[in-house]
Amino acid sequence: MHVLITTPFHPAYVTAERIKRAKNLELLLTAGIGSDHIDLPAAAAAGLTVAEVTGSNTVSVAEDELLRILILLRNFLPGYQQVVQGEWNVAGIAHRAYDLEGKTVGTVGAGRIGRLLLQRLKPFNCNLLYHDRLKIAPELEKEIGAKFEEDLDAMLPKCDVIVINTPLTEKTRGMFNKERIAKMKKGVIVVNNARGAIMDTQAVADACSSGHIAGYGGDVWFPQPAPKDHPWRYMPNHAMTPHISGTTIDAQLRYAEGVKDMLGRYFKGEDFPVQNYIVKEGQLASQYQ
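Residues numbered from 1 in each chain as written. Predicted model: local features only at pLDDT ≥ 70, side-chain atom pairs only at ≥ 80, totals over all residues. Heavy atoms only, no water.

Participant: Looking at this structure, how should I read the UniProt feature "domain: D-isomer specific 2-hydroxyacid dehydrogenase catalytic" (unreviewed entry) in the chain?
Facilitator: What UniProt calls "domain: D-isomer specific 2-hydroxyacid dehydrogenase catalytic" (unreviewed entry) maps, in this numbering, to residues 9–271. Along residues 9–271 one finds 37% helix and 15% strand; the C-alpha atoms at either end are 25 Å apart. (UniProt positions renumbered as here; feature names shortened; annotations may be inferred. Helix = DSSP H or I, 4+ residues; strand = E, 2+ residues; numbered from the N terminus.)

Participant: Where do I start with unusual backbone geometry in this structure?
Facilitator: Going from H10 to P11, the amide bond is cis rather than trans, its omega being 10°. Counting through the fold element by element, P11 comes out in the loop between β1 (3–6) and α1 (16–21). With an omega of -10°, the peptide bond between Q224 and P225 qualifies as cis. For P225, the position within the fold is in the loop between β9 (213–218) and β10 (238–240). Although it is not a glycine, F9 adopts a positive phi angle of roughly 70°. Mapped onto the elements of the fold, F9 is located in the loop between β1 and α1.

Participant: How should the layout of surface pockets be read in this particular structure?
Facilitator: Where empty space is left in the structure can be found by rolling a water-sized probe over the atoms. Approximately 410 Å³ is the volume attributed to the second largest pocket. Around the second largest pocket, the lining is made up of 22 residues, and of these L72, R96, I189, A214 and G215 lie nearest the centre. At the level of secondary structure, the elements contributing two or more residues to the lining of the second largest pocket comprise α3 (58–73), α4 (76–84), β8 (188–192), β9 and β10. Of the residues that constitute the lining of the second largest pocket, the class distribution is 11 nonpolar, 6 polar and 5 charged. (1 Å grid on protein atoms, 1.4 Å probe; cavity = no way out; pocket = protein on both sides within 12 Å on 5 of 7 lines; lining within 4 Å. Points joined across faces, edges and corners; volume = space filled by probe spheres on them. Nonpolar A, V, L, I, M, F, W, Y, C, P; charged D, E, K, R; others polar.)

Participant: Sorry if this is basic, but what is going on with the sheet that holds strand β12 (residues 283–284) here?
Facilitator: Neighbouring strands of a sheet are bound in pairs by backbone hydrogen bonds; such pairs are parallel or else antiparallel. Spatially, the 5 strands line up as an open sheet ordered β1-β2-β3-β11-β12, and their pairing is mixed. Bordering the open sheet on either side are β1 and β12, each of which pairs with just one other strand. (Pairing = 2+ DSSP bridges.)

Participant: Just checking my understanding: could you explain the nonpolar core for this structure?
Facilitator: As a rule of thumb, nonpolar side chains are buried together in soluble globular proteins. Judged by nonpolar contacts, the single largest core of 31 residues is most densely connected at F176, M199, Y216 and W232. Elements with a minimum of two residues in this core: α8 (152–155), β7 (161–164), β8, α10 (201–210) and β9. Top element by residues in this core is α10. It accounts for 5 residues. Of all hydrophobic cores here, the second largest spans 24 residues; its members include I69, I71, L73 and A146. (Core = buried A, V, L, I, M, F, W, Y, C linked by side-chain atoms within 4.5 Å. Buried < 20%, exposed > 50% of the residue type's maximum accessible area, 1.4 Å probe, protein only.)

Shown next, in the form of structure tokens:
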């Protein structure tokens, strides 16, 4: 093949070995956002172009993050399970249910999705914090009312809710290990629609079992698809799903149209929109460096 189109992690990881065997390969297109299922250094070394449909599902993922925050804070899932099981115990739900108003919500990463989430949280009258390598533009920061936190470890204990919105890189892989999770407030809600490998899998499961994490929700796992014995399937107080947050029908239409556009440009020898490149001429995009 000359062109390989995948969605993130499906149908396969594009490993260095697979790249080495694909002698004719020129272009790797991700139908969606997040190309870390590709061995990016190997792709760069082989002279391949890697591109994705930047922005195609940012709204979908940000909306899903807001959904999971509310599901976990309001202790929704046990209430739903009571109804399905024919039970009725209001006190059994209410003792773990809280309002979002007045809570401190921090996002680790404030790129396209992180900024959209902060904008959607503003009407809930939360205290909004964000940690990123770059600050949001001052006028947008003022409009949202979000405060920049340069030190991640200083931000974590302030937060009632923590949302992971950072790309998976060698710097962020395993970033939330046992020691960092211990710095979070006891009873914290954690939402991660970014990448599963940013978290230490067993450390998250243990923190949910102990109650240090009061609820963990997301749709990203490591590896994907998640094996049947993955501990996140069985840990208490979770709101996990398969990798669905960026795959609404609306998002699919956007990234299908984006892939079609890039294929057309490729066949005509034209450049892609600059923000769509992940690897170009042997160089990785800044978020993956």
